[in-house]
Amino acid sequence: MAEPITVEVVSPEAVLYSGEATMLITRTLEGGEVAFQAGHQAFLGALVENHTRVFQTDGTVQDIAVHRGFVEVHGNPTKVSILSDTAELSSDIDVERAKEALERHRLILKQEADEEALTHALAGKARAEARLTTAGVSFTA
């Protein structure tokens with residue numbers, strides 16, 4: 001068995017996950033997906049909306065929708081901390097609401113010309129896609 005790491009996923013509302021894992025995979029701004037395991041070098045990165053996976057020591061995976069924030073890796077033993085603006089466990093995601101939000105934001109992107117509205121619609125679309133991916137729901141981009 002791989003050496004465990006300590007993982008914490010924290011949002012302003014709550015500690016969503018705290019425990020041991022063998023690996024964590026998340027997505028960073030301009031860096032793509034990155035995996036962290038025991039012995040990883042110190043790291044600090046900005047996060048984009050994504051489907052983060054925590055591979056727990058019992059073999060199960062905790063799926064978390066992360067909506068921006070930061071990931072920090074440090075220490076020996078290795079500790080990975082995600083500080084997110086907003087995050088949701090897959091079991092807490094309202095799939096129908098996320099589907100509706102995705103369609104609403106897609107419509108705005110097709111019809112809107114205002115730059116600020118487009119910026120908000122792009123961010124909303126990314127959040128909805130992260131939620132749906134985390135919940136295991138297929139959709140077309």
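Look a little higher up for the structure.
Residues numbered from 1 in each chain as written. Predicted model: local features only at pLDDT ≥ 70, side-chain atom pairs only at ≥ 80, totals over all residues. Heavy atoms only, no water.

Undergrad: Got a minute to help me understand the packing of aromatic side chains in this structure?
TA: The relative placement of two aromatic rings is captured by the distance of their centres and the angle of their planes. Applying the stated criterion across every chain yields a total of 1 aromatic pair. Measuring from centroid to centroid gives 5.3 Å for Phe36 and Phe43, while their planes differ by 55°, and the two rings are tilted. When its relative accessible area of 27% is taken as the criterion, Phe43 is described as partly exposed. (Phe/Tyr/Trp six-rings, centres within 6.5 Å; stacked < 30°, edge-to-face > 60°. Buried < 20%, exposed > 50% of the residue type's maximum accessible area, 1.4 Å probe, protein only.)

Undergrad: Help me out: how do you make sense of the pairing of strand β7 (residues 79–89) in this one?
TA: Two faces make up the sheet, and in a regular strand the side chains alternate between them. In the sheet, strand β1 (residues 5–10) pairs with β7 via 5 bridges, with the strands oriented parallel. Following the sheet pairing, Val7 is matched in β7 by Val80. Where strand β6 (residues 61–74) meets β7, 10 bridges bridge the pair, whose relative direction is antiparallel. Counted as the bridge partner of Ile64 is Leu89 from β7. The turn joining β6 and β7, which pair antiparallel and follow one another in sequence, is formed by 4 residues; a positive phi near 90° is taken by Gly75. (Pairing = 2+ DSSP bridges. Helix = DSSP H or I, 4+ residues; strand = E, 2+ residues; numbered from the N terminus.)

Undergrad: Would you take a moment to explain the environment of Thr26 for this structure?
TA: Its place among the elements puts Thr26 in strand β2 (residues 15–28). Taking the relative accessible area as the measure of exposure, Thr26 reaches 0% and is therefore buried. Considered as a pair, Thr26 and Glu49 are 23 residues apart in the sequence and their alpha carbons are 9.4 Å apart. Sequence-distant contacts of Thr26, that is, excluding residues within four places in its chain, are made with Gly32, Glu33, Val34, Phe36, Leu47, Asn50, Thr52 and Ile82. Side chain to side chain, Thr26 and Asn50 meet in a polar contact 3.2 Å long. (Contact = heavy atoms within 4.5 Å. Polar contact = N/O pair within 3.5 Å; in protein donor to acceptor, adjacent residues only side chain to side chain.)

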